[in-house]
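Spelled out, the chains give:
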Amino acid sequence: QVQLVESGGGLVQAGGSLRLSCAASGSIFRLGDMAWHRQAPGKQRELVATITTGGTITNYAPSVQGRFAISRDNSKNMVYLQMSSLKAEDTAVYYCARRDKLGRYDYWGQGTQVTVSS
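Residues numbered from 1 in each chain as written. Predicted model: local features only at pLDDT ≥ 70, side-chain atom pairs only at ≥ 80, totals over all residues. Heavy atoms only, no water.

A. Fine view of the side chain of Thr50. Mapped onto the fold, Thr50 is located in strand S5 (residues 46-51). Residue Thr50 is classed as buried on the basis of its relative accessible area, which comes to 6%. If near-sequence neighbours (up to four positions away) are discounted, Thr50 is found in contact with Met34, Ala35, Ile57, Thr58, Asn59, Ile70, Arg99 and Tyr105. (Helix = DSSP H or I, 4+ residues; strand = E, 2+ residues; numbered from the N terminus. Buried < 20%, exposed > 50% of the residue type's maximum accessible area, 1.4 Å probe, protein only. Contact = heavy atoms within 4.5 Å.)

B. Expanded view of the sheet that holds strand S7 (residues 68-73). Strand order in this open sheet of four strands is S1-S3-S8-S7, and the pairing throughout is antiparallel. The strands lining the two open edges of the sheet, one partner per strand, are strand S1 (4-7) and S7. Along the sheet, successive strands turn relative to each other by an average axial angle of 15°, direction set aside. Pairing of strand S3 (residues 18-24) with strand S8 (residues 78-83), which is carried by six bridges, proceeds in the antiparallel orientation. Paired with Leu20 across the bridge in S8 is Leu81. (Pairing = 2+ DSSP bridges. Axes fitted to C-alpha atoms, helices over the stretch in contact; angles between N-to-C directions.)

C. Here's a closer look at the environment of Ser85. As for its placement among the helices and strands, Ser85 is situated in the loop between S8 and strand S9 (92-99). Classification of Ser85 by relative accessible area gives partly exposed; the value is 42%. Each C-alpha atom of the pair Ser85 and Thr115 lies 13 Å from the other, and the pair is 30 residues apart in sequence. Residues contacting Ser85, with those up to four places away along its chain left out, are Gly15, Gly16, Ser17, Arg67 and Asp90.

D. Geometry of the pattern of salt bridges. Going through the model one piece at a time under the given rule, you end up with six salt bridges. The partner of Asp106 in a salt bridge is Arg98, and the shortest N-O contact between them spans 2.7 Å. On the basis of relative accessible area, Asp106 is assigned to the partly exposed category, the value being 31%. We classify Arg98 as buried; its relative accessible area is 9%. Linked by salt bridges that have partners in common, Arg38, Glu46, Arg67 and Asp90 make up one network. (Salt bridge = Lys/Arg side-chain N within 4 Å of Asp/Glu carboxyl O.)

Here you go:
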């Protein structure tokens, strides 16, 4: 069964840091780019960061560029999102997702809540 499981969310003060983790089942992990999305209350889901299968190319939303870093460890089937200089507007549920070869996000985790207090 294909699964993506996020962890690492929590409550943090503005200016602080958190690292999110996403554990992926092996059959899908090695075959696709991975991404983190987020969804704040009352807002549409937003793409935060992507990383290619080999981990060599990353992309970020302008709102997190320079503050967040996506990485992956293919030997452990893990994807990470290091978040620094957190702001209240970063508060959201963060989701890990796999992007297939057609650019569609076909597998999603259940999400992990990040709350940044100002």
